[in-house]
Amino acid sequence: MTEQDNELRTGSGSGRDGDSTSPRVRLRDRDAELRSVETAVDKLCCEFAAGGTEIGELLAFSGRPGIGKTSLLHEVRRVAKLRDRATVLFARGGERQFNEPYHVLRQLLQPLLTSLEPDEFRQVMGTWEEVVGPAMGLKRPKAGARRLDPQGVRDGLDYVLTQLAPRRAPLVMIVDDLHWGDHESLSWLTQFAVRSRELPVLLVFAFREDENDWPTEIQQHRKAVLGLATSKHELNRLSLVSVTDMIRAELGDKAEDAFCYEFWNVVNGNPFEAVALLDQVRDQDLEPVEENSQQLRELAVDATGMTLKSWIDRLGSGTLRFAWACAMLGTDIRVDLATRICAQTTEGARDAIKQLRKQRVLTQTPNGNLEFVHPLIGSSIYNTMPEATRTGMHGVAAAEIENAGLGLLAASRHLVETFSGEGDDKTVRKLRRAAVEHLLIGAPEAAQRCLHRALNEPPADDIRAEVLYELGCSALLTDPVATVNQLKLALDPDEGPLRPELRVDATFRLSEVLAHSGELRQAAVVCQDEAEQTADPVGRLRLQAASFMWHAFRKSEDDGPGRSTRLGLMCDGLSTRDAADRAVLAMRAWDLTLRGAPSAEALTYADSVLDAGRLPKGLGWTNSTWGFELPSMLGLTYTYNDRIAQAERLFADAIIQFEVAGWSGAHRGFAYFLMGLARFRRGLLAEAEDFLRRALRLSERIGPKLPLAWDAVGVLVDTLLARGRTEEAWELAVKFGFHPPYHATAMVLPDAPSLYGKLLIAKKRYAGAAAALTEAGAQLEARGWHNTVWAPWAGHLAIAIAADEPDRAREYAHKAVHDARTFGTASAIGTALRLNAQIEDGQQAVELLEQAVMYLGQSPAGYEHAVALVDLGAALRRVGRLEDAQEYLYQGIELAQHCSAEGLVEQARRELANYGLRPNRLGLRDFRETLSQPEWEVANLAVQGVPPQRIADELGVHLSLVNRRLAAVYRKAGSGPDGLASALGLPTQPRGATRPGAEPEEE
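Residues numbered from 1 in each chain as written. Predicted model: local features only at pLDDT ≥ 70, side-chain atom pairs only at ≥ 80, totals over all residues. Heavy atoms only, no water.

**Describing the overall build of the chain**
Check the secondary structure of the chain and you find 49 helices and seven strands. Based on the C-alpha atoms only, the size of the chain along its principal axes is roughly 110 × 70 × 65 Å. In the chain, which comprises 1003 residues, the proportion classed as buried is 59%. If you take every contact in the chain between residues at least 6 apart in sequence, the share linking residues at least 24 apart comes to 68%. With an accessible surface of roughly 40400 Å², the chain has 49% of that area assigned to carbon and sulfur atoms. Counting 115 positive and 139 negative side-chain charges, the chain places the averaged centre of each group 2 Å from the other. (Helix = DSSP H or I, 4+ residues; strand = E, 2+ residues; numbered from the N terminus. Buried < 20%, exposed > 50% of the residue type's maximum accessible area, 1.4 Å probe, protein only. Contact = heavy atoms within 4.5 Å. Areas by Shrake-Rupley, 256 points an atom, 1.4 Å probe, with all protein chains shown as cover. Lys, Arg positive; Asp, Glu negative; His and termini not counted. Charge placed at Lys NZ, Arg CZ, Asp CG, Glu CD.)

**Let's talk about the packing of helix H21 (residues 425–440) against helix H22 (residues 444–456)**
Two elements in contact, H21 and H22, have axes separated by 8 Å at closest approach and are oriented at 170°. When the axis of H21 is compared with that of H22, the two are roughly antiparallel. When the axes of H21 and H22 are compared, the crossing they make is left-handed. Of the residues in H22, those touching H21 at Thr427, Val428, Leu431, Arg432, Ala434, Ala435, His438 and Leu439 are Pro444, Ala446, Ala447, Cys450, Leu451, Arg453 and Ala454. The residue inventory of the contact of H21 with H22, partitioned by class, reads eleven nonpolar, two polar and two charged. (Axes fitted to C-alpha atoms, helices over the stretch in contact; angles between N-to-C directions. Parallel < 35°, antiparallel > 145°, perpendicular 65-115°, else oblique. Left-handed = near helix turned anticlockwise from the far one by under 90°. Nonpolar A, V, L, I, M, F, W, Y, C, P; charged D, E, K, R; others polar.)

**Describing the packing of aromatic side chains**
Under the counting rule described, the total for this entry stands at 15 aromatic pairs. Measuring from centroid to centroid gives 4.6 Å for Trp188 and Phe192, while their planes differ by 15°, and the two rings are stacked. You can see Trp188 and its partner Phe192 sitting in helix H8 (residues 183–195), four residues apart, about one turn around the helix. Of the residues examined, Trp188 reaches a relative accessible area of 0% and is grouped as buried. When the centroid spacing of 5.2 Å and the interplanar angle of 55° are considered together, the rings of Phe628 and Phe670 count as tilted. Linking Phe628 in the loop between helix H30 (599–609) and helix H31 (629–640) with Phe670 in helix H33 (residues 666–682), this pair joins segments that are 42 residues apart in sequence. For the pair shown, Phe628 and Phe670 are each scored as buried. (Phe/Tyr/Trp six-rings, centres within 6.5 Å; stacked < 30°, edge-to-face > 60°.)

**So, empty space enclosed by the protein**
Over the atoms a probe the size of a water molecule is rolled, and this reveals where empty space is left. Overall, the coordinates contain eleven cavities of 30 Å³ or more when judged by the stated rule. Space inside the largest cavity adds up to approximately 180 Å³. What lines the largest cavity is a set of 18 residues, and nearest its centre among them are Glu95, Gly330, Thr331, Phe372 and Pro375. Of all elements in the fold, only strand E7 (370–372) and helix H18 (375–383) reach the threshold of two or more residues within the lining of the largest cavity. Looking at the lining of the largest cavity element by element, the count peaks at four residues for H18. (1 Å grid on protein atoms, 1.4 Å probe; cavity = no way out; pocket = protein on both sides within 12 Å on 5 of 7 lines; lining within 4 Å. Points joined across faces, edges and corners; volume = space filled by probe spheres on them.)

**Some points on the side chain of Ser185**
Among the structural elements, Ser185 can be located in helix H8. A polar contact is formed between the side chain of Ser185 and the backbone nitrogen of Val104, at a distance of 3.5 Å. Beyond its immediate sequence surroundings of up to four residues, Ser185 is in contact with Tyr102, His103, Val104 and Leu105. (Polar contact = N/O pair within 3.5 Å; in protein donor to acceptor, adjacent residues only side chain to side chain.)

**Topic: the pairing of strand E2 (residues 87–92)**
Burial runs high along E2: six of the six residues are buried. Along E2, one buried face is formed by Thr87, Leu89 and Ala91 and the opposite face, lined by Val88, Phe90 and Arg92, is buried too. Strand direction decides the pairing type here: E2 and strand E3 (residues 171–176), joined by six bridges, are parallel. In the sheet register, Thr87 faces E3, and the bridge partner there is Leu171. (Pairing = 2+ DSSP bridges.)

**Comments concerning the side chain of Gln191**
Here Gln191 lies in helix H8. For Gln191, a relative accessible area of 16% puts it in the buried group. Those residues in contact with Gln191, other than ones at most four positions away along the chain, are Gln151, Arg154, Asp155, Asp158 and Arg701.

**What about the nonpolar core?**
Judged by nonpolar contacts, the single largest core of 215 residues is most densely connected at Phe322, Phe372, Ile381, Trp550, Trp621 and Val717. With eleven residues, helix H35 (residues 707–722) is the single largest residue contributor to this core. Core analysis: the next-biggest nonpolar cluster, separate from the first, contains 50 residues, Leu58, Leu113, Ile218 and Ala446 among them. (Core = buried A, V, L, I, M, F, W, Y, C linked by side-chain atoms within 4.5 Å.)

**Description of the sheet that holds strand E5 (residues 231–234)**
Read from one edge of the open sheet, five strands run E2-E3-E4-E1-E5, paired in parallel fashion. Two strands in the sheet have a free side with no partner beyond their single neighbour: E2 and E5. Each strand axis lies, on average, 10° off the axis of its neighbour in the sheet, ignoring direction. Sheet analysis places strand E1 (residues 57–63) next to E5, joined by four bridges and oriented parallel. When the sheet's bridge partners are listed, Ala60 is paired in E5 with Lys232. The sheet contacts of H8 involve E1, E3 and strand E4 (201–208), and relative to E4 the element is tilted by about 135°.

**Side note on helix H44 (residues 882–899)**
Under the 1.5 Å per step criterion, the end-to-end length of H44 is 25 Å for 18 residues, consistent within 8% with the ideal 26 Å. Regarding H44, the residues found buried are Ala885, Leu889, Tyr890, Gln891, Gly892, Ile893, Leu895, Ala896, Gln897, His898 and Cys899. Tucked into the core, H44 has its buried residues touching helix H34 (685–702), helix H43 (862–878), helix H45 (902–914) and helix H48 (959–973). Count one or two residues on from H44 and you reach Ser900, which has phi positive near 65°. (Expected span 1.5 Å × (residues − 1).)

**Comments concerning the environment of Arg881**
The residue Arg881 is located in the loop between H43 and H44 in this model. Residues in contact with Arg881, not counting those within four places in the same chain, are Gln843, Val846, Glu850 and Leu876. For Arg881, the side chain forms a polar contact with the side chain of Asp884, separated by 3.0 Å.

**Describing the confidence of the model for the chain**
With 91% of its residues at a pLDDT of 70 or more, the chain has an overall mean of 86. Here residues 1–25 is modelled with pLDDT under 50, and outside its nearest four sequence neighbours on either side it reaches 78 contacts, counting other chains as well. pLDDT under 50 marks residues 744–748. Its contacts with residues more than four places away, or in other chains, come to 16 contacts. (pLDDT = per-residue confidence, 0-100.)

**Here we look at the pattern of salt bridges**
This structure, assessed with the given rule, holds 68 salt bridges. If you follow the salt bridges from partner to partner, you end up with Glu689, Arg693, Arg723, Arg725, Glu728 and Glu902 in one network. (Salt bridge = Lys/Arg side-chain N within 4 Å of Asp/Glu carboxyl O.)

**A few points about a negative patch on the surface**
Residues Glu422, Asp424, Asp425, Asp461 and Asp462 make up a contiguous surface patch of negative charge. Inspection of the secondary structure assignment puts Asp462 in the loop between H22 and helix H23 (464–474). (Patch = residues over 30% accessible without salt bridge, like charges linked within 9 Å, V, L, I, M, F, W, Y side chains within 5 Å.)

**Regarding the packing of helix H37 (residues 752–762) against helix H39 (residues 793–801)**
How two helices sit against one another is set out by the angle between their axes and by the gap between those axes. It is at 10 Å that the axes of H37 and H39 come closest, and there the two elements cross at 35°. As for how H37 packs across H39, the hand of that crossing is left-handed. Facing Ser754, Lys758 and Ile761 of H37, the residues of H39 in contact are Trp793, His796, Ile799 and Ala800. Here the residues of the contact of H37 with H39 are counted per class, giving four nonpolar, two polar and one charged.

Following this line, the structure appears as structure tokens:
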């Protein structure tokens, strides 16, 4: 009987494309499932034809091994292919390919992607070609390519499918044996199942029922798939009637009812077991009568639990050896490879294939390759291999796959199954090379399997520590605990020598992982201790710089001022401008910013790091030597020194570089956080909230409450407060631990008590606010950090205690103004003056707010300027200057609208309405639009150093109008006076520059 006959009688065949045009396969007892499939396919096709796009669904089928899942999916393919225009993609997990990265996804997507015309291929890939291409086996990674973040590959695949689905819609994606899917494919499929609902895509997954021996990851993916499925079906056993029909179709109508009943009981309605037992009954010429029923159980044991002896008896040793080679290869088996692995002649292989097809073990696929009729048969044959034979044949398979030009990636899964224990150097080298290749396609788990296997070989004593170092680095982006453990071992002298340059790098990597896990003190000490033992000056400087960096990010520090002094001395001793020197200069710039030293000093250091306004070679965002922390410090320096436009250029570059490199996890999340912070400082609150929420989503996708989450939440709380959503800000802060005893340990959380105090002030809980702000001040003052923009604790503490301790409140308010003037940026001075005004009354408050408005009008801090305008309007109203009050309140409303500060808009309108002034509704304008010609005129003069009064004289306008125009320029450009020329691209010498694109003035 042929394989197709076998399928037709049971509905349990392999379901390859070659069978999809055969007469309709009769699936027994699957009417409900078939109706569900047909309904889903018809709905997809009809709704897409009607113009629908967000019409995706997920069907999930599960059941015991052999219950008929594969045959059902064969029918799904047949039904889908009969629909006009439907594109059907199919893949199958393989028990032997379980550890082969992207095995399922390559089956699923590679045929369609390779069929695209070059132009369409480029459109579908977009900027993700260098990320998705290597992972899908479409191209080799570029020379010098960086390792890929697995999340980056998943994001790239998301992009590709969102481009591909509409072009080939309606799209039906079918995956059989999902439980044997590789880690990389399963991770993406589970993630994509959520997004697929937004596309014209029908997903159909089949997997075995939940079994206790499945790995935890498989259990989690199964649970996730079931939770997302729009239709779930657990396949039940066949009925007695169906099994009786099968028996009589095979053995004739003479089969007695009692025999059929016992047969049904023995196989428990399982189609695969029923077919296997029928084969045994037929081979034994057993009459299907009642008196022979007792023999069925014994025959069933032979049929389903095939032993080595039973397979030899059935196939013969030569044919079984060929079957072993096929079982090792798994799915889509190449005949030539199987022939060489089992060391048979071409004629011998041909005879073996003929015998295996006759015995219903193998079937031929449309492309001429082989496949097991059922995965359970392949598993049975593989499990009968003696251990020594299995190890030896895997070694041969690895060599033959590599010799066939399929590469180390394909061969590596066989290499990890070999074991000699003899320390073969060639095997170790191959495993290490394979690990590198796995990292280049975003498969760190596969790389780690190769390196663990290399350690078990074992490697020579002089390279063991090096292999441990590579193993630790392979988990950098995915498993911080493993990275820490392996790098500590690599640095342990008992594990053997590690080359000096690798010791430096291993120490730096170890400190990175410790720092990102919140262990900042330990990270700093690790670098400090190793630096003391490092002879190479470049390596020593790198570790010293890293130690300073981690200390700077700590929540508390024993000797902050001393560390700052030592860092200053280190900068004084620098004589060259290589990457290491610039890294130290970047840290000094950020250190001075935190200390509230004169802004010009910090900016001088920061500007000396850049080359023509860009990061120098060796300090880029994806540079592996220094990490992304150094350019982050540089961007933060610009952010807090009123050079926000420069910071935004750096942060935008970070987002692009991380996307191109495929680093879409914590790295891109941190870039979003930085951009959100810059947007918040600039007063673009809606954009800030969007970036910060993106950062938070990425963080939570990676793990619960990582330091990145606290970074993002800290600024997001401030943003929500600025937008008037106090309760939402409070709930978020409480959820993430921004309250005593401040368990959160994120890098930017030394100011957590300061933020908590600000929240309490917003809720008018002044006593609690005073306690929190006092704690913040004590911590920050002890470290010598006096920056009133980064942590404005003193100004807010003054507000919290003003009612009960007015004199002490003034001391703190005056301290904040003094520290702000020392720092010297317009936003720092303006904000400190505004907070100071809140504890004063009458004309004193008006004068302070007038100064605040003047300073903030020269800064890019749009929201702070809006608050000062509204506060000044309210103060003027209180002293009876209603006309002036109205003007400032209207200005404040307009600017607050630009900033999306809805709460501030309502506050100003209430102020107007309560005192008989008309709270008009001004139209929104996009303040990012091109500057007006009058604004360009004042900008041209300002960048040449012309003071505002002289600008007013030259243009023949009032000084207040010049100040208002300059305030708009600074706000729109995202820069204060110092960085205005660079931000707007204006020359600093010619006096007659005009607005770009404008006609020159007539003489």
